[in-house]
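# Commentary on secondary and tertiary structure
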Amino acid sequence: MKKQTSNRSGLLLMEIIIAILFFSVISAICLQLFVKSHMISRDTEELDSAVNQAVSTADIIRGTEDAGTVLREYYPHMKAEGSTLYIYYDKEFQPCTEADAAYYLKIDKGDTDSGITEYRLSVAESGSSSHIYELDIVSYKQLKP
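A quick note: this is a predicted structure, and the numbers were derived from the prediction, not measured.

### Some details on the overall build of the protein chain
Check the secondary structure of the protein chain and you find 2 helices and 5 strands. When the helices and strands of the protein chain are listed from N to C terminus, the series reads α-α-β-β-β-β-β. A compact globule built from 145 residues should have a C-alpha radius of gyration of about 15 Å, whereas the protein chain, at 29 Å, is more than 25% larger. C-alpha atoms of the protein chain, sized along the principal axes, occupy 120 × 30 × 20 Å. Here the protein chain, with 145 residues, has 26% of them falling under the buried criterion. The contacts in the protein chain between residues at least 6 apart in sequence include a share of 32% that link residues at least 24 apart. Split by element, the accessible area of the protein chain, about 10800 Å² in all, is 56% carbon and sulfur. Separation of charge centres in the protein chain, based on 14 positive and 21 negative side chains, amounts to 13 Å.

And the structure:
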């Protein structure tokens, strides 16, 4: 009488291969999620820094009648072209020269009408025309009694 022995090692090997394949697919998906979350985090930090710089500059502009002169005290490397001012920032959003800049803040002085001046502040990456953040403000000139 012959005994039939079943060879279960082939089935076990197949189960192990399927389990490894399953975990490989899941780890690839998780890796993509981690990369995506890192990109979102970096973009959020960039936006937050841009908002902070634009709002700080807007506060300075609103608090003075001669914005160009006062901003020059805070940002000595500021560049002026007509009625447009440029403030340059490095990768950590610290003021720097134009040559070292990773970002810039563009301040467009708009119409001045009876003591009201409009400004448009926009923060963008150097070499890019798309804006990270834009802010419109209005500055009121104090009336002398």
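### A word on the sheet that holds strand β3 (residues 103–113)
In space, the 5 strands of this open sheet follow the order β1-β2-β3-β4-β5, with antiparallel pairing throughout. In this open sheet, the two edge strands, each paired with only one partner strand, are β1 (79–81) and β5 (131–140). Along the sheet, successive strands turn relative to each other by an average axial angle of 20 degrees, direction set aside. Of the strands in this sheet, β2 (84–89), β3, β4 (116–125) and β5 touch helix α1 (residues 9–62), which is tilted by about 15 degrees from β5.

Definitions and cut-offs
- Residues numbered from 1 in each chain as written.
- Predicted model: local features only at pLDDT ≥ 70, side-chain atom pairs only at ≥ 80, totals over all residues.
- Heavy atoms only, no water.
- Helix = DSSP H or I, 4+ residues; strand = E, 2+ residues; numbered from the N terminus.
- Rg over C-alpha atoms; globule rule 2.2 N^0.38 Å.
- Buried < 20%, exposed > 50% of the residue type's maximum accessible area, 1.4 Å probe, protein only.
- Contact = heavy atoms within 4.5 Å.
- Areas by Shrake-Rupley, 256 points an atom, 1.4 Å probe, with all protein chains shown as cover.
- Lys, Arg positive; Asp, Glu negative; His and termini not counted.
- Charge placed at Lys NZ, Arg CZ, Asp CG, Glu CD.
- Pairing = 2+ DSSP bridges.
- Axes fitted to C-alpha atoms, helices over the stretch in contact; angles between N-to-C directions.

Any link to function would need more than the numbers given here.
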